[in-house]
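Structural characterization, general
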Amino acid sequence: MDRKQAARELRRALELFANTLTDEGTMQEVASLYPLWSAGQAYSAGDIVRYGETADGEARLYRVAQAHSSQADWTPEAAASLFTSIGFTEDGTSVWVQPTGAHDAYQAGDVVSYDGQQYRSTIDSNVWAPGVYGWELVV
């Protein structure tokens, strides 16, 4: 087996693994494993695709809501009936996810959506939920 073939098979194995994940925070951590959305592609309900970035430069993930063949003007951002944003609100704000340690803790200035409201972290290495400690309501 040549290196290109091995790389393709490894990439496919990683995509299959990524599709078994159910936690949106974990999905976002490995966003590069999901395929880029493209026009002319047949998608099944439940497929996960990568399309665009947030203001913070993070990849945006979308779950296919209904099976379809994509068209250039049916991007995940433009066709809300076909895609559901994962891990972000419609305006691109990250949905708060409980950090698992220092490596994914929120930093001062990070803005998240929590229980329908936006909060800004007032401290670095913030692992607390908004409303508990280290957050201010964004108005």
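Note that the structure is predicted; figures quoted are calculated from it, not measured.

**Focus: the sheet that holds strand E8 (residues 117-121)**
- In spatial order, the strands read E6-E7-E8-E9; together these four strands make up an open sheet with mixed pairing. Two strands bound the open sheet, and with one partner strand each, they are strand E6 (94-95) and strand E9 (135-137).
- Bridging between E6 and strand E7 (residues 111-114) involves two bridges; their strand directions are parallel. The residue of E7 that forms the bridge with Ser94 is Val112.

**Observations regarding the side chain of Arg60**
- Looking at where Arg60 falls in the secondary structure, it is placed in strand E3 (residues 59-64).
- In this structure, Arg60 is buried with no salt-bridge partner, the nearest side chain bearing the opposite charge being Glu77 at 4.7 Å.
- Leave out the neighbours within four places in its chain, and Arg60 touches Val49, Arg50, Tyr51, Gly52, Glu53, Thr54, Ser85, Phe88, Thr89, Glu90 and Gly92.

How each quantity is defined
- Residues numbered from 1 in each chain as written.
- Predicted model: local features only at pLDDT ≥ 70, side-chain atom pairs only at ≥ 80, totals over all residues.
- Heavy atoms only, no water.
- Pairing = 2+ DSSP bridges.
- Helix = DSSP H or I, 4+ residues; strand = E, 2+ residues; numbered from the N terminus.
- Buried < 20%, exposed > 50% of the residue type's maximum accessible area, 1.4 Å probe, protein only.
- Lys, Arg positive; Asp, Glu negative; His and termini not counted.
- Salt bridge = Lys/Arg side-chain N within 4 Å of Asp/Glu carboxyl O.
- Contact = heavy atoms within 4.5 Å.

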